[in-house]
Amino acid sequence: MFKHLRNKILFSYFLVLLLCFMVVLITTSLFIRRTYFSYALHDLSDDAGLFIDEFTREAILAKDSVLLKKILAKAEDNYTIDILDVSAVVLGSSQKASGSLPQEAIGRRDEFQIIPSRGYGYSLREAQNGVKTIYVVLPVEKDGAGIGFVRISTPLVYIEKTISRLNVYVIIIFVLAMAVSSLLSFILARNLSSPLLKMAEAAREISSGNLQGRVEIKKRQDEIGLLVQAFNEMIERLKIVREERKNILSNISHELLTPITNIRGFAETLYEGRLKDKKEIEECIEVIKRESDYLEGLIEELRLLSRLDSLSMRYDFQPLQVSEVVLEAEKSLSLKALAKRISIHNDFMPDCPLVKADYKALRQVFINLLDNALKYSYPDQEVRVSLERADRFLKISVADKGIGIAEQDQEKIFERFYRIEDPRHSEKGLGLGLAIVKEILSSHRALIEVKSSPSQGAEFIISFPLA
Ligand code: ADP
């Protein structure tokens, strides 16, 4: 029915408000009616009380019509006073005195039932002339014995008029309150819908390729605030992904180009048969093999990353002895270590507890860390791997004494494709090794941190939760 959320909210608020106000209005007007009626009875009984004095008693006992007339002369126009004897026979009436309306018939009516707690009796009935009238009767006593009654009566229409006037005030207040509430509802509904509209606008911008926009709203802690915050974070993330994609392509093409150029160059040299010396030929083949291995390594890294991203990576968590996995990784890097004359020292705690991990994934973690340690160490240095238990974690440290990492790069090196722009860090690579390490570890609920300062080496510490 409504296109905009704001109107939907507004309409439902309005309905609820209307319902509430109607209930309040009806109960208030009923309450006013009851209260005012009881006040009116009270006032009438007070007015009637003014006619009970020694003169009245004397007039009743003596049935003195002249005196009664005198007494009744002080009655006002808006009510009628009747003075009756003990058997409810009308002795005198202010109505008769004014001569306007016929006198009420003689006889005991409901109003003569005196309510002891109130001190008067009352009834609401049609008078002789058919007008709805309210009657209040007060007993007149002398020396404790009832000698007659004073009855006051007034047409109900006087009271109804006042009640209607009060009801009009209530309706005015009701309409004003409804208007103010509707205004507040409008502000509230707009408050709810405007950030959503802004988000829809920003989403449209994003889908047309513009990632510059942000949803700007006043700071708020509620669900809408959280949604807007998450939305802005999503835009930020999309920007990073776009930036990453750009970097990936330029990094990959750059990293692939050098080995492929080398392979092609050396293959052509071999093909043309320009090399006659066996040693030269062997060196040439060696370069082709090394570059092919490097290319294979790069492609392997990219494949691993895409498997991690597509969540198609299946982990087989088994209880493992970490030291065995470390030794396995060291074995596959032994030639590299030998080439740089770097010795790897192991400092494993005895009876090292088992961890639950995927063997291949964990081996990949150590290969990447050890490979970096070898790459960024100087020849003849040493690399140390240590394992120790700390509370509910197994702390695994891979430390080298190489070129180290500056403070500002320490967090970024775990980002994909991040490579430090420094001639000393000129080793080949796509900048994926540590990102892969971090992702594999987070799937194992393990954390990794780095401690390092330039030229002082780097220590990567893994905190692996123990089962
Ligand atoms: P790559 O596979 O290209 O080496 P990584 O993600 O493994 O990428 O590392 C990112 C960057 O972190 C590297 O380019 C390097 O500059 C720095 N780095 C990683 N390990 C070390 C280390 N042990 N010592 C010094 N720098 C390191």
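Before reading on, note that the structure itself is shown above.
Summarised in this report is the structure supplied together with it. In this text, all values refer to a predicted model and were calculated from it rather than measured experimentally.

A few words now on the overall build of the protein. Along its length, the protein carries 11 helices and 12 strands. Relative to the globule expectation of 23 Å for 467 residues, the C-alpha radius of gyration of the protein, 51 Å, shows a markedly less compact shape. Overall size of the protein, expressed as C-alpha extent along the three principal axes, is 160 × 55 × 35 Å. Counting across all 467 residues of the protein, residues that qualify as buried make up 37%. Within the protein, contacts between residues at least 6 apart in sequence are counted, and of these 63% link residues at least 24 apart. Carbon and sulfur atoms provide 58% of the accessible area of the protein, an area that totals close to 28,300 Å².

The final tally for this structure, using the stated rule, is 4 aromatic pairs. Their ring planes at 75° and their centres at 5.1 Å tell us that Phe 112 and Phe 149 sit as a pair that is edge-to-face. Pair noted here: Phe 112 is in the loop between α4 (94-98) and β3 (121-126) and Phe 149 is in strand β5 (residues 145-155), with a separation of 37 residues, a long-range link. Phe 149 shares its class with Phe 112; the two are buried. Taking the ring centre of Phe 51 as reference, the NZ or CZ of Lys 74 above it sits at 5.4 Å.

Attention now goes to the side chain of Ser 377. Residue position: Ser 377 is located in the loop between α10 (359-375) and β9 (382-390). Taking relative accessible area as the criterion, Ser 377 reaches 4% and is therefore assigned buried. A polar contact is formed between the side chain of Ser 377 and the backbone oxygen of Ala 373, at a distance of 2.6 Å.

Take the site of the ligand next. Around the ligand, 20 residues are found, and the nearest of them are Asn 372, Asp 400, His 425, Gly 431 and Leu 434. The separation between an oxygen atom of the ligand and a polar side-chain atom of Tyr 376 is 3.5 Å. Of all the secondary-structure elements, those providing two or more residues to the shell around the ligand are α10, α11 (433-443) and β12 (458-465). When its residues are assigned to classes, the shell around the ligand shows 10 nonpolar, 6 polar and 4 charged.

A word on the pattern of salt bridges. This structure, assessed with the given rule, holds 21 salt bridges. Glu 54 is the salt-bridge partner of Arg 57, the closest N and O atoms lying 3.0 Å from each other. Of this pair, Arg 57 and Glu 54 both sit in helix α2 (residues 54-62), 3 residues apart, roughly one helical turn. The buried category is assigned to Arg 57, whose relative accessible area is 18%. Judged by its relative accessible area of 47%, Glu 54 is partly exposed.

A few words on a nonpolar patch on the surface. Judged by side-chain polarity, Phe 14, Leu 18, Met 22, Ile 26 and Leu 30 come together as a nonpolar surface patch covering roughly 440 Å² of accessible area. Locating Phe 14 in the fold gives a position in helix α1 (residues 5-49). Residue classification places Phe 14 among the partly exposed residues on the basis of a relative accessible area of 35%.

So, about the environment of Arg 57. Spatially, the C-alpha atom of Arg 57 lies 68 Å from that of Phe 186, the residues being 129 residues apart in sequence. Beyond its immediate stretch of four places on either side in the chain, Arg 57 contacts Ile 52, Val 140, Glu 141, Lys 142 and Ile 147.

Cut-offs and rules
Sequence order as written defines the numbering, with residues in each chain counted from 1. pLDDT decides what is reported in this predicted model: residues at 70 or higher carry local features, side-chain atom pairs at 80 or more are listed and counted, and totals for whole chains, interfaces and linings draw on all residues regardless. Only hydrogens and water are removed before side-chain values are computed, so all heavy atoms of the structure are retained for them. By the criteria applied, helices consist of DSSP H or I runs no shorter than four residues and strands consist of E runs no shorter than two, each listed in order from the N terminus. Radius of gyration: C-alpha atoms only; globule rule: 2.2 Å multiplied by the number of residues to the exponent 0.38. Relative accessibility thresholds used throughout: buried, under 20% of the residue-type maximum; exposed, over 50%; partly exposed, between the two (1.4 Å probe, protein chains only). Contacts are assigned to residue pairs with any non-hydrogen atoms lying within 4.5 Å of each other. Accessibility throughout is a Shrake-Rupley quantity obtained with a 1.4 Å probe, and a residue counts as covered only by protein chains that appear here. Any Phe, Tyr or Trp ring, taking Trp's six-membered ring, that has another such ring centre within 6.5 Å forms a pair; planes under 30 degrees apart are called stacked, those over 60 apart edge-to-face, and the others tilted. Geometrically, a lysine NZ or arginine CZ counts as sitting over a ring once it is within 6 Å of the ring centre and also within 35 degrees of the ring normal. The term polar contact refers here to a pair of N or O atoms within 3.5 Å; inside protein, the definition further demands a hydrogen-donor-capable atom paired with an acceptor-capable atom, and it admits residues adjacent in sequence only when both atoms are side-chain atoms. For this purpose, a residue is taken to be near a molecule or strand whenever a single non-hydrogen atom of the residue falls within 4 Å of it. Polar here means any residue other than Ala, Val, Leu, Ile, Met, Phe, Trp, Tyr, Cys and Pro, which are nonpolar, and Asp, Glu, Lys and Arg, which are charged; Gly is therefore polar. Put simply, a salt bridge is a Lys or Arg side-chain nitrogen that is within 4 Å of an Asp or Glu carboxyl oxygen. To count toward a patch, a residue needs a relative accessible area over 30% and no salt bridge; like charges are then connected within 9 Å, while nonpolar side chains (Val, Leu, Ile, Met, Phe, Trp, Tyr) are connected within 5 Å.

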